[in-house]
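Okay, here's what each chain looks like letter by letter:
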Amino acid sequence: MAGGSSSAGNAKSGGVRIVVAGDRGTGKSSLIVTAATDTFPTNVPPVLPPTPMPDDMYPDRVPVTVIDTSSSLENRGRLAEDLKQADAVVLTYACDQPATLDRLSTFWLPELRRLEVRVPVIVVGCKLDLRDEQQPITLEQVMSPIMHQFREIETCIECSAFNHIQIPEVFYYAQKAVLHPTAPLFDQESQTLKPRCVRALKRIFILCDHDRDGALSDAELNDFQVKCFNAPLQPSEIVGVKRVVEEKLPEGVNDLGLTLTGFLFLHALFIEKGRLETTWTVLRKFGYNNDIRLVDDQLPPPIKRAPDQSVELTNEAVEYLKTAFNMFDIDGDGALRPAELEDLFSTTPESPWIEAPYEDAADKNALGGLSLDGFLSEWVLMTLLDPIRSVENLIYIGYPGDPSSAIRVTRKRRTDRRKQQTDRNVLQCFVFGPHQSGKSALLDAFIGRPFADIHVLTTEERYAVNAVDLPGGTRKTLVLREIPEDGVKMLLSRKDALAACDIAIFVYDSSDESSWKRATKLLVDVASQGEITGYEVPCLMVAAKDDLDPFETAIQDATRVTQDMGMEAPVPVSAKLGDFNSLFRRIATAAEHPHLNIPETEAGRSRRNYNRLINRSLMVVSVGAAVAIVGLAAYRVYAARKNSSS
């Protein structure tokens, strides 16, 4: 495998901006002028204007502009702005002034961190010609502790503008650090490829292994070379590549060709030898950016949708995911164990479900394995919450179709209400209720978790998702979204807060009158928000903890409120006894009929009656006006006839 230089593709198509900073008198301006003109200046201004480097100076031919800076206190604001706009920073010290070297670790590098300047740093010792030659300390000895403390330092180099020693190299390393950065690819401390780099290279290997035999044959290696570097490999070069691998890593080559282990070893070898451009060329040819994620043009464009539209997986995507599930269920036990799931996601930048809200959102078995329903449920949730990320991960794991064919946008919920039926396969239910009402117990039960006697306060929103079988053989995926009581006010402060909600349930402790009253208030608040914004949602009340004695007026109060608001009576459930009274099926069924179970508040009823009165008045006025017009017309006819007869 051979590789030339990448054109940097998506890296910095607009050019590279290098900012030079350091203490006064360390040689910043002389360094810049000498690099740009190949002449040492006898006089330089305090600060140079932006200086372009010659186009043909470096093989990438990407425009490089160097920004000089002043270290004076009065120019500190401008310095900060320049540093924040840098693609790379060159920090200078004077080889004949040890104090300027100390200032790198006591001021300049901490200052970059304070300003949150997260770009490669090149440390440059200027005025090498003035250093005391009696000083026996090497550059490595000087810089090793600083580089260990500040990992953002990409390279250290010493130079002399006066003697023209290593001047072009300074900006070559700075440009290279931007176009072909080390940090995303390689861990300098452990001397290994970084996990995200390994995962991307594994995906590339699989894409190039056309016969899926786990090795790149000579023909596949040659196709790879042509795709990435526009030049074929000679047979002798292929033999040479495999020989290098086999000598260092016998398992890197087998009878079929270059293995994944050998492919990764080659890239580590390139990077160790400073040939980062080879690995970056490969990554960019396969659509990766500097964060080693797919560039935007590899993904579907931003999805245009109204607030009350959602995004779902298509049947095509679901069928692919079922195939992937079966492929990675190595032991055939009907569940993906954590190791099997990690294997499935080994070509993604990182496993997408290791953090909230996905980590504990679906049903898992005792060994932490996901069933097919649980696996699909996680994908459904990711598609609902972050559709582009969902598609991106589908591409990483090998989805063969057009990325846009993997998702569909549902019709507006207002349209569903008008048609009195939803076309959605995924139904989102907001779960409201006061503290200790039993919300979390419902979510736990929905994904197969045992009842817990110890109450843990929920402070963040939480999701639980599972498939629900409905009468008639249909199946929907229900997403429960628990809203902590303290978070309701903030949620409802947004006009479109209920747009994504297909149904809301209000859980209360049926043994606690205070819990009932707070749940009723939440119901009124949510119903009022729906009436005001036009995002009305079906609602159900859930009388939790049915294993306890109800408070004295529980049944009368519940009947009165639900009847007054035009809702079904509360559904009694007991998580402790495992009696849920078909609650989840009821929720999904109610969400399927978005025109029913919509609560009406007193204010909403007054508005409706007022509007009805106004419309009736307008109708009376319209009828009266019509009668008057007809009467006037009749009079004119009569008058005309009378005039003609006379």
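This structure is a prediction, so every number in the text was calculated from the model and none was measured. (Residues numbered from 1 in each chain as written. Predicted model: local features only at pLDDT ≥ 70, side-chain atom pairs only at ≥ 80, totals over all residues. Heavy atoms only, no water.)

Peer 1: Where do I start with the packing of aromatic side chains in this structure?
Peer 2: Taken as a whole and judged by the stated rule, the model has 18 aromatic pairs. Between Phe40 and Phe162 the ring centres are 5.3 Å apart and the planes differ by 85 degrees, which places this aromatic pair in the edge-to-face class. Taken together, the positions of Phe40 in the loop between α1 (28-37) and β2 (51-52) and Phe162 in the loop between β6 (153-158) and α5 (167-179) put the pair 122 residues apart, joining distant regions of the chain. Phe40 sits in the partly exposed class, given a relative accessible area of 31%. A centroid spacing of 6.5 Å and a plane angle of 15 degrees characterise the contact between Tyr288 and Tyr396, whose relative ring orientation is stacked. Of this pair, Tyr288 sits in the loop between α10 (276-285) and β12 (311-313) while Tyr396 sits in helix α14 (residues 387-396), and the two are 108 residues apart along the sequence. Exposure class is identical for Tyr288 and Tyr396. Each is buried. One aromatic cluster is present, formed by Phe325, Phe345, Trp353, Phe375 and Trp379 through successive ring pairs. Geometry around Phe286 places Lys227 over its ring, the cationic atom sitting 4.8 Å from the centre. (Phe/Tyr/Trp six-rings, centres within 6.5 Å; stacked < 30°, edge-to-face > 60°. Helix = DSSP H or I, 4+ residues; strand = E, 2+ residues; numbered from the N terminus. Buried < 20%, exposed > 50% of the residue type's maximum accessible area, 1.4 Å probe, protein only. Lys NZ or Arg CZ within 6 Å of the ring centre and 35° of its normal.)

Peer 1: In this structure, what is going on with the UniProt feature "domain: Miro" (unreviewed entry) in the protein chain? I would like to understand it.
Peer 2: Sequence positions flagged by UniProt for "domain: Miro" (unreviewed entry) are, in local numbering, residues 13-180 and 424-593. Between the C-alpha atoms that bound residues 424-593 there is a distance of 11 Å. The span itself is 33% helix and 22% strand. (UniProt positions renumbered as here; feature names shortened; annotations may be inferred.)

Peer 1: Help me understand the nonpolar core in this model?
Peer 2: One recurring pattern in soluble globular proteins is that nonpolar side chains are buried together. Core analysis: the largest hydrophobic core is formed by 40 residues, its most contacted members being Leu185, Ile204, Leu283 and Tyr288. At the level of secondary structure, the elements contributing two or more residues to this core comprise α6 (195-208), α7 (218-229), α8 (235-248), α9 (260-272), α10 and α14. Ranked by size, the runner-up nonpolar core spans 31 residues in total, among them Ala361, Leu370, Leu381 and Ile397. (Core = buried A, V, L, I, M, F, W, Y, C linked by side-chain atoms within 4.5 Å.)

Peer 1: Just checking my understanding: could you explain the pattern of salt bridges for this structure?
Peer 2: Between side chains of opposite charge, a pair can form as their charged atoms come close. Taken as a whole and assessed by the stated rule, the structure comprises 36 salt bridges. The partner of Arg78 in a salt bridge is Asp82, with the nearest N and O atoms 3.5 Å apart. Taken together, the residues span about one helical turn, with Arg78 and Asp82 both in helix α2 (residues 76-84) at a distance of four residues. The salt bridge partner of Asp416 is Arg424, with a shortest N-O separation of 3.8 Å. Here the two residues Asp416 and Arg424 agree in accessibility, since each one is buried. (Salt bridge = Lys/Arg side-chain N within 4 Å of Asp/Glu carboxyl O.)

Peer 1: Even after reading the chapter, I still don't get the sheet that holds strand β9 (residues 215-216), so can you show me in this structure?
Peer 2: Each strand in a sheet pairs with its neighbour through backbone hydrogen bonds, running either in the same direction (parallel) or in the opposite one (antiparallel). Strand order in the open sheet made by the three strands is β9-β11-β10, with antiparallel pairing throughout. Each edge of the sheet is formed by a strand with only one pairing partner; in this case those strands are β9 and β10 (253-254). The sheet contact formed by β10 and strand β11 (residues 257-259) spans two bridges and is antiparallel. The residue of β11 that forms the bridge with Asn254 is Gly257. Strands β9 and β11 of the sheet are contacted by α9, whose axis makes an angle of about 75 degrees with β11. (Pairing = 2+ DSSP bridges. Contact = heavy atoms within 4.5 Å. Axes fitted to C-alpha atoms, helices over the stretch in contact; angles between N-to-C directions.)

Peer 1: Whenever I open this one, empty space enclosed by the protein confuses me. Can you help?
Peer 2: Empty pockets left among the atoms are what a rolling probe the size of a water molecule brings to light. The full count for this structure, using the stated rule, is four cavities of 30 Å³ or more. What the largest cavity holds in volume is close to 50 Å³. As for the largest cavity, its lining consists of Leu498, Val526, Ala527, Gly530, Glu531, Tyr535, Glu536, Val537, Cys539, Ile598 and Pro599. Examining the composition of the lining of the largest cavity, we find that four residues originate from one element, helix α18 (residues 513-533), more than from any other. Of the residues contributing to the lining of the largest cavity, the split by class is eight nonpolar, one polar and two charged. When its volume is computed, the second largest cavity comes out at roughly 40 Å³. Partitioned by chemical class, the residues of the lining of the second largest cavity number six nonpolar, one polar and two charged. (1 Å grid on protein atoms, 1.4 Å probe; cavity = no way out; pocket = protein on both sides within 12 Å on 5 of 7 lines; lining within 4 Å. Points joined across faces, edges and corners; volume = space filled by probe spheres on them. Nonpolar A, V, L, I, M, F, W, Y, C, P; charged D, E, K, R; others polar.)

Peer 1: Whenever I open this one, the pairing of strand β18 (residues 475-482) confuses me. Can you help?
Peer 2: One face of the sheet, then the other: side chains in a regular strand alternate in exactly this way. For β18, a buried count of seven out of eight residues is recorded, marking the element as mostly surrounded by other parts of the structure. Inspection of the sheet shows strand β16 (residues 426-432) paired to β18 by six bridges, in the parallel sense. Its bridge partner lying in β18, Phe430 is registered against Arg481. As defined by bridge partners, strand β17 (residues 462-469) adjoins β18 across eight bridges and the pair is classed as antiparallel. The residue of β18 that forms the bridge with Asp469 is Arg475. With antiparallel pairing between neighbouring strands as the criterion, β17 and β18 make up a hairpin whose turn holds five residues, including Gly472 at a positive phi of roughly 90 degrees.

Peer 1: Looking at this structure, how should I read helix α3 (residues 98-114)?
Peer 2: Given 3.6 residues to a turn, an α-helix orients residues that are three or four positions apart in the same direction. For α3, with 17 residues, the first-to-last C-alpha span of 24 Å sits near the 24 Å given by 1.5 Å per residue. Of all the bends in α3, the largest measures some 50 degrees and sits at Leu104. Here α3 has its buried residues at Thr100, Leu101, Leu104, Phe107, Trp108, Leu109, Glu111 and Leu112. In this structure, the buried side of α3 is in contact with β1 (16-22), α2, β4 (88-94), β5 (121-126), α4 (139-149) and β6. (Expected span 1.5 Å × (residues − 1). Bend = angle between axes of the 7 residues up to and from the residue.)

Peer 1: Any chance you could explain the pairing of β16 here in plain terms?
Peer 2: Within β16, seven of the seven residues are buried, leaving the element largely enclosed by the surrounding structure. Burial along β16 is two-sided: Val426, Gln428, Phe430 and Phe432 and Leu427, Cys429 and Val431, pointing in opposite directions, are all buried. Note: β16 against strand β19 (residues 503-509), four bridges, orientation parallel. The residue bridging Cys429 from the neighbouring strand is Ile503, located in β19.

Peer 1: What is the right way to look at the sheet that holds β5 in this model?
Peer 2: Strands sit in the order β2-β3-β1-β4-β5-β6 across an open sheet of six strands; the sheet is mixed. Of all strands in the sheet, those with a lone pairing partner are β2 and β6, marking the two edges. For β5 and β6, the ladder comprises five bridges, and the chain directions are parallel. Considered in β6, the bridge of Ile122 is made with Thr155. α3 contacts β1, β4, β5 and β6 of the sheet and is inclined by roughly 155 degrees relative to β4. Those strands touched by α5 are β1, β3 (64-67), β4, β5 and β6, and its axis lies near 125 degrees from that of β1.

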